[in-house]
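The primary structure of each chain is shown beneath.
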Amino acid sequence: MHFFQRLSNISTFKFKSSEILEQSKVRNSTLDCLRGIAIISVVCVHSNQYSSFSNFAEVPTFRNLINWGVYGVELFFFISGYLLNSIYGNQSKPFNNYQFWVRRLARIYPLWVIFLIFQFILFMTMNLGGIPIAKNSIGDGKILENSMMILILTLTFALWISPNLWNTIIPGGWSIQAEVLNYLFFSFFRKQRYFCIIIFGALNFMTRNITYKPNQPDIAFMGSTEQFLGYFLNYLCISTTFSFFLLGAICHGLITTKERKNIFDILTFLFLLISILFGSLPFGNTSEAIIFIFLSCLLTHFAMKLRVAELILGKIGKVSYFMYFAHFYVLIIIRKFHEFFGFTNGGSFEIYGYFFIYLMLCLTTCYLLGLLSFHFFENPIIKFARSK
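Residues numbered from 1 in each chain as written. Predicted model: local features only at pLDDT ≥ 70, side-chain atom pairs only at ≥ 80, totals over all residues. Heavy atoms only, no water.

**Topic: the overall build of the chain**
- Looking only at helices and strands, the chain has 16 helices and 0 strands in total.
- Taking all 388 residues of the chain together, the buried fraction comes to 52%.
- Within the chain, contacts between residues at least 6 apart in sequence are counted, and of these 76% link residues at least 24 apart.
- A total of about 18600 Å² of accessible surface is found on the chain, and carbon and sulfur atoms cover 67% of it. (Helix = DSSP H or I, 4+ residues; strand = E, 2+ residues; numbered from the N terminus. Buried < 20%, exposed > 50% of the residue type's maximum accessible area, 1.4 Å probe, protein only. Contact = heavy atoms within 4.5 Å. Areas by Shrake-Rupley, 256 points an atom, 1.4 Å probe, with all protein chains shown as cover.)

This is the structure:
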């Protein structure tokens, strides 16, 4: 079956108004494969860093190729936009904001809280390292004096108010906060689709002309209008990250039979795509991110023709959310064992070997733990939320 036909399977059902819940229960194997590619890419980047392969100067081409894995996060945004538009994008169907938020939070919030607790325990006791909890993050107090405030900000996905907190409390937490903001913007997008695309496209075009000056007050967006816009557009990259979400949502519209003939959808898609090139990302650049997403879709197309590849990527993609959180800690532990036994980085063979050992151990461990988490923790919560 053609890639886009497979991808659009989730949106080709004919629903009555009471059947939208059933639609959200359908798992799309193509999207799971894309998730698998996204999480493997992200783990590759961090395996590169923790294994010290990134410091090996003799293999710049391979190392730079691995670093493209940072765009796995933008691929996640793309997938999320596609999926939500396929479920909730039809304006003629009923949309319940309460149910939407209950189901979205049921998916992302439990693990967010679990790993927040885990991070605080590590900080207070074992101090394994990794991404530390920021000191002097709010005001002039120390971390222990501000722990309650930081806890509240983390639980409410509001760490973005300070550049010292944004990506420090939970490893990789910046992308989860961006995803929650995407959910907020999605409600607006669903009602005012074209207007939303024009607004965020215009913000992308503005990004290169607006700068953010660091070392400003802790509440970073307090100050001039330029400082405010610079923080959100150039530092947090809110407009660009949501644009990748929008890209997925628009792609869903374009590959469905009904909207394929709408020339205005094609024009707005091109407008948004071009505007993204002027935007900025927290890590990497937008043109490479677009290429990465395209190549990931192409790779998924071929993977779907190979049962083994589809099975492996799909199973990994199914537990990718847990793996995203857990892989940081698994890599820290692998690194600690590496240092404890005194292995040294010698020639190129050892460097390559360590990278792949880190990668395979991390993927295997995270996948097995992810299966337990999904079946005994995440899935029961998701089913409970769907019943509401």
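The discussion continues.
**Some remarks on the pattern of salt bridges**
- Under the criterion given, the structure shown has 3 salt bridges.
- Between arginine 35 and aspartate 32 there is a salt bridge; the shortest N-O distance is 2.7 Å. Of the two residues, arginine 35 and aspartate 32 both sit in helix 3 (residues 29-50), 3 residues apart, roughly one turn of that helix. Across the pair, aspartate 32 and arginine 35 agree in class, each one buried.
- The closest approach of N and O atoms between arginine 107 and glutamate 378, which form a salt bridge, is 2.8 Å. (Salt bridge = Lys/Arg side-chain N within 4 Å of Asp/Glu carboxyl O.)

**Overview of the packing of helix 5 (residues 72-88) against helix 13 (residues 286-303)**
- Direction vectors running N to C along helix 5 and helix 13 enclose 65°, while the axes themselves pass 9 Å from each other. Between helix 5 and helix 13, the interaxial angle falls into the category roughly perpendicular. The element helix 5 and its partner helix 13 pack so that their crossing is right-handed. Where helix 5 abuts helix 13, its residues Gly72, Glu74, Leu75 and Phe78 lie against Ala289, Phe292, Ile293, Ser296 and Cys297.
- Split into classes, the residues belonging to the contact of helix 5 with helix 13 amount to 6 nonpolar, 2 polar and 1 charged. (Axes fitted to C-alpha atoms, helices over the stretch in contact; angles between N-to-C directions. Parallel < 35°, antiparallel > 145°, perpendicular 65-115°, else oblique. Left-handed = near helix turned anticlockwise from the far one by under 90°. Nonpolar A, V, L, I, M, F, W, Y, C, P; charged D, E, K, R; others polar.)

**What to know about helix 13**
- Here helix 13 is 18 residues long and its end C-alpha atoms lie 25 Å apart, about the 26 Å a rise of 1.5 Å per residue gives.
- Those residues of helix 13 that fall on the buried side of the exposure criterion are Thr286, Ala289, Ile290, Phe292, Ile293, Ser296, Cys297, Thr300, His301 and Ala303. (Expected span 1.5 Å × (residues − 1).)

**Thoughts on the packing of aromatic side chains**
- Per the stated rule, a full pass over the model turns up 38 aromatic pairs.
- The interplanar angle of 70° and the centroid separation of 4.9 Å between the aromatic rings of phenylalanine 118 and tyrosine 329 together place this pair among those described as edge-to-face. On the criterion of sequence distance, the pair formed by phenylalanine 118 in helix 6 (residues 97-126) and tyrosine 329 in helix 15 (residues 320-340) is long-range, its members being 211 residues apart.
- Accessibility expressed as a relative area gives 7% for tyrosine 329, which makes it buried. (Phe/Tyr/Trp six-rings, centres within 6.5 Å; stacked < 30°, edge-to-face > 60°.)

**Let's talk about the confidence of the model for the chain**
- When pLDDT is averaged along the chain, the result is 81; 78% of the residues meet or exceed 70.
- Per-element mean pLDDT across the chain ranges from 41 in helix 2 (residues 20-24) up to 95 in helix 5.
- Note that pLDDT drops below 50 for residues 10-24; the model gives that stretch 24 contacts with residues more than four away or on any other chain. (pLDDT = per-residue confidence, 0-100.)

**Things to note about helix 10 (residues 225-235)**
- Every buried residue belonging to helix 10 is among Gln227, Gly230, Tyr231, Phe232 and Leu233, and all of these are buried.
- Where the residues of helix 10 are buried, they touch helix 9 (193-207) and helix 11 (238-255).
- Looking one or two residues past helix 10, cysteine 237 carries a phi angle of roughly 55°, positive in sign.

**A short note on the environment of phenylalanine 244**
- The topology assignment puts phenylalanine 244 in helix 11.
- It is 8.9 Å that separates the C-alpha atoms of phenylalanine 244 and phenylalanine 76, two residues lying 168 residues apart in sequence.
- With near-sequence residues (within four places) excluded, phenylalanine 244 lies in contact with Glu74, Phe77, Phe78, Ile276, Leu281, Thr286, Ala289, Ile290 and Ile293.

**Brief notes about a nonpolar patch on the surface**
- Taken together, the side chains of Ile263, Phe264, Ile266, Leu267, Leu270, Ile274, Leu277 and Phe278 define a hydrophobic patch exposed on the protein surface, amounting to about 680 Å² of accessible area.
- By the element assignment, isoleucine 263 lies in helix 12 (residues 263-276). (Patch = residues over 30% accessible without salt bridge, like charges linked within 9 Å, V, L, I, M, F, W, Y side chains within 5 Å.)

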